[in-house]
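# Structural overview
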Amino acid sequence: MRTQLLALLPLLLAAPVSAQIVINNTQSPTYLVQNVLLGGGLTATNITFNSMAGTTANEQIGSFNGTNCNIGLPAGIILGTGDVHDAEGPNNSGSASLGGGNFGASDPDLFLASGNGQSINDKAVLEFDFIPTGDSLKFNFVFASDEYLEYVGSINDVFGFFLSGPDIPAGPYSNGAVNVALVPNTSTAIAINNVNSTSNSQYYINNGTGANAPYNSSNFYVQYDGFTVVMTARHAVTCGLTYHIKIAIGDAADTAWDSAVFLQAGSFSSTGQVVPTLGTGVNMPNDSTIIEGCGEVPFSFRRVGGDSTNADTVHLTIGGTSTPGVDYYPPFPDELIFQPGDTMITFPLNFPFDADGIETLTIEIIQILACSGLQVTNDYTFYIDQFPALYVWAPNVQGQCQQSYVIAPVQEGGTGSYGYLWSTGDTTQAITVAVNATTTFYVTVTDTCSVLPVTDSITVFVPVHPPLQLESETPIKLHCDQDSILLTATYGGGYGDLDIHWGDSLFVTGDQLWVPGEQDGDYIVSVSDECQSSTSQLVHVDAGCEVIIPNVITPNGDGSNDAFVVKGILGRENHVQIFDRWGISVLDVNNYQNDFKAKDLPDGVYFYNIQVLDKKYTGHLTILGNK
């Protein structure tokens, strides 16, 4: 019995294409399951869509031809949270596809699978019963969403393949179902928060933001901002028993930014026991494509299912456009013999690099199913491809100031992990550079295969700003009778808005400062710009109030030198003390007004202490001529 895939693909691939995905949602869910999705080894009944009989077409389900787009599957059916035509490219909007014809409809299994308590809306749920003729179930799929990457960690659009049956271990979902849409080799459900650019990134494909080339200008790219690589759901089943599958997808938290799941035509099949698989590593970007020149590939044939007690012989027919011994080596045998207890036979293969384009490796497996006695033929196609060229974009930085900047290249293509070597000697993708002038940095990007390295440069442009200028008159000479003075500064140059500041300011108005005129003073004026450059100047004010103290007075009433007159003291805070030779105070006054005439003091030598503002003066005074 040959799988239906060979008969179905020509019909799907014959559809007219224009270098983009082709969507048809005029077919009923029943037709899509029976004539597109199913492969060999099983039959399906009781087909429903969104809990209704699967006899009516719906905008949320349809067939697709993907041979001229980047979704990774040649053909199949698509389920979406909105109109499935929203998948058509180019990806010219990061927020395209608003809802569908099932606004607000929820599903309890999707709610549970989301894991973060967000409501589920716009469900698209395809269900049917099936009876396998082998002991395993498998199908290929791609999950895509417009929620990538903006809402990773928040809105977790989710889908699930919920499988239930008489010998399926009871799971947490309806009818005791388990979710078989899992990250390979884990028990983790595939969802936006679990497969993205930072989590399980080897299974994620970036498809642009809706605003960047080439994704927003070519119909080759589908509309969704991101999607998984081609993945395979598998589970052991028992030949002849009836199982139920629920294929469901929904919007989380809202009815916006649609998601979709693509199911490969003919891949929903009970494969019997033996399935060819590739190992994991940088030389295999997905489970059906091998990259040349990246080392040894573990190519395995695995017995799927729980019963490995019997001996099994399967026959292999190898074909495709690739040549054994040239495009890969060593060649495959004609048959495989599994002994009781064997579950896997592995062939380490090498795929040398050449420049002859993409090639195919087809494997036809013929076996007698132990549980049913039927002969089943299954066909598998693998692709041998060259590594994609490595592209590097190194965006320049338009700086403003002499400071530190973070610079990093953006790269696509290549295969595997990227390596970086900067002209500074750094080996990380992003580096911090301190520049005081326009400077160019060079970075070489490599990957783990034999892709040619790419060197590009990033220039940090730092414009040359005019130097800061600051000028104020100094020193400033005053007369002692001025009670205040206005200091003024002029300034300019630098970058951006300038900030002027007077140190220990008294009364500041912009670039002006009022200061007392009766006292000497030093004032600092500073100016800075938005790049934190600054300059300052010291402004000296000479009040012109020199204190002159006489050392002789003659208080004899002749009108000349009759009083103790201290020049530069009037109008200024002061304290005057005079003592005789025995230390007895003869004058002690604040705010002295030059009016002490010493009429009653005997002639002789006296001593004074005088404080004017913050300065102190001491000395002796001689009084002569008293009567």
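Above this text sits the structure in question.
My aim in this report is to walk through the structure given alongside it, one point at a time.

We now examine the overall build of the chain. Looking only at helices and strands, the chain has three helices and 43 strands in total. Buried positions account for 48% of the 627 residues belonging to the chain. Long-range pairs, those at least 24 residues apart, make up 68% of the contacts in the chain between residues at least 6 apart in sequence. Element-wise, carbon and sulfur atoms account for 52% of the exposed surface of the chain, whose accessible area totals about 28000 Å².

Within a regular beta strand, the side chains point alternately toward one face of the sheet and then the other, so they alternate between its two faces. The buried fraction of strand β21 (residues 359–368) is high, at seven of 10 residues. Across five bridges, strand β18 (residues 312–319) lies against β21 in antiparallel orientation. Residue pairing across strands places leucine 316 opposite isoleucine 365, the latter belonging to β21.

On to the sheet that holds strand β20 (residues 344–349), then. Spatially, three strands are ordered β15-β17-β20 in an open sheet, and the strand pairing comes out antiparallel. The sheet terminates laterally at β15 (274–278) and β20, the two strands that pair on one side only. Across this sheet, the average inter-strand angle for adjacent strands is 20°, counted without regard to direction.

Any two side chains of opposite charge can pair if their charged atoms end up close together. Summed over the entire model, instances satisfying the criterion amount to three salt bridges. For the salt bridge of aspartate 109 with lysine 246, the shortest nitrogen-to-oxygen distance reads 2.8 Å. In this pair, aspartate 109 sits in helix α3 (residues 108–114) while lysine 246 sits in strand β13 (residues 243–252), placing the two residues 137 residues apart along the sequence. A relative accessible area of 4% places aspartate 109 in the buried class. Here the salt bridges do not stand alone but share partners, grouping Asp107, Asp109 and Lys246 into one network.

Within the largest apolar cluster, 47 residues are counted, with the highest numbers of intra-cluster contacts made by Leu79, Leu126, Phe128, Phe161, Leu263 and Phe268. Leave out the neighbours within four places in its chain, and phenylalanine 128 touches Val33, Leu37, Leu38, Ala44, Thr45, Asn46, Ile47, Tyr243, His244, Ile245, Ile247 and Phe268. Counting residues in each nonpolar core, the second largest holds 23 residues, with Ile290, Leu336, Ile363 and Ile365 among its members.

Looking now at the state of the cysteines. One pass over the full model with this rule turns up one disulfide. Across the disulfide, cysteine 401 is cross-linked to cysteine 531 (sulfur-sulfur distance 2.0 Å). Where cysteine 401 bonds to cysteine 531 through sulfur, the torsion about that S-S bond is close to -75°, and the disulfide is left-handed. With cysteine 401 in the loop between β24 (397–398) and β25 (404–407) and cysteine 531 in the loop between β37 (521–528) and β38 (534–542), this pair connects stretches of sequence that are 130 residues apart. Just as cysteine 401 is buried, cysteine 531 falls in that class too.

With mixed pairing, the four strands of this open sheet are ordered in space as β24-β30-β29-β27. Across the chains shown, the open sheet's two edge strands, defined by having one partner strand only, are β24 and β27 (418–422). Summarising the sheet, β24 and strand β30 (residues 454–461) pair through two bridges and their orientation is parallel. If you follow valine 397 over to β30, its bridge partner there is valine 460.

A cluster of nonpolar residues, Tyr391, Trp393 and Val410, forms a patch on the protein surface that exposes about 340 Å² of accessible area. Inspection of the secondary structure assignment puts tyrosine 391 in strand β23 (residues 391–393).

A full pass over the atoms with the stated rule returns 27 aromatic pairs. Summarising the aromatic geometry, the rings of phenylalanine 130 and tyrosine 243 are spaced 5.8 Å apart at their centres and angled 25° between planes, so their arrangement reads as stacked. Placement of the pair is phenylalanine 130 in strand β6 (residues 120–132) and tyrosine 243 in strand β13, with a sequence separation of 113 residues. Exposure class is identical for phenylalanine 130 and tyrosine 243. Each is buried. Measuring from ring centre to ring centre gives 4.8 Å for tyrosine 148 and tyrosine 204, while their planes differ by 55°; the resulting arrangement is tilted. Of this pair, tyrosine 148 sits in the loop between β7 (136–145) and β8 (158–164) while tyrosine 204 sits in strand β10 (residues 204–206), and the two are 56 residues apart along the sequence. When its relative accessible area of 10% is taken as the criterion, tyrosine 204 is described as buried.

Analysis parameters
- Residues numbered from 1 in each chain as written.
- Predicted model: local features only at pLDDT ≥ 70, side-chain atom pairs only at ≥ 80, totals over all residues.
- Heavy atoms only, no water.
- Helix = DSSP H or I, 4+ residues; strand = E, 2+ residues; numbered from the N terminus.
- Buried < 20%, exposed > 50% of the residue type's maximum accessible area, 1.4 Å probe, protein only.
- Contact = heavy atoms within 4.5 Å.
- Areas by Shrake-Rupley, 256 points an atom, 1.4 Å probe, with all protein chains shown as cover.
- Pairing = 2+ DSSP bridges.
- Axes fitted to C-alpha atoms, helices over the stretch in contact; angles between N-to-C directions.
- Salt bridge = Lys/Arg side-chain N within 4 Å of Asp/Glu carboxyl O.
- Core = buried A, V, L, I, M, F, W, Y, C linked by side-chain atoms within 4.5 Å.
- Disulfide = S-S within 2.5 Å.
- Patch = residues over 30% accessible without salt bridge, like charges linked within 9 Å, V, L, I, M, F, W, Y side chains within 5 Å.
- Phe/Tyr/Trp six-rings, centres within 6.5 Å; stacked < 30°, edge-to-face > 60°.

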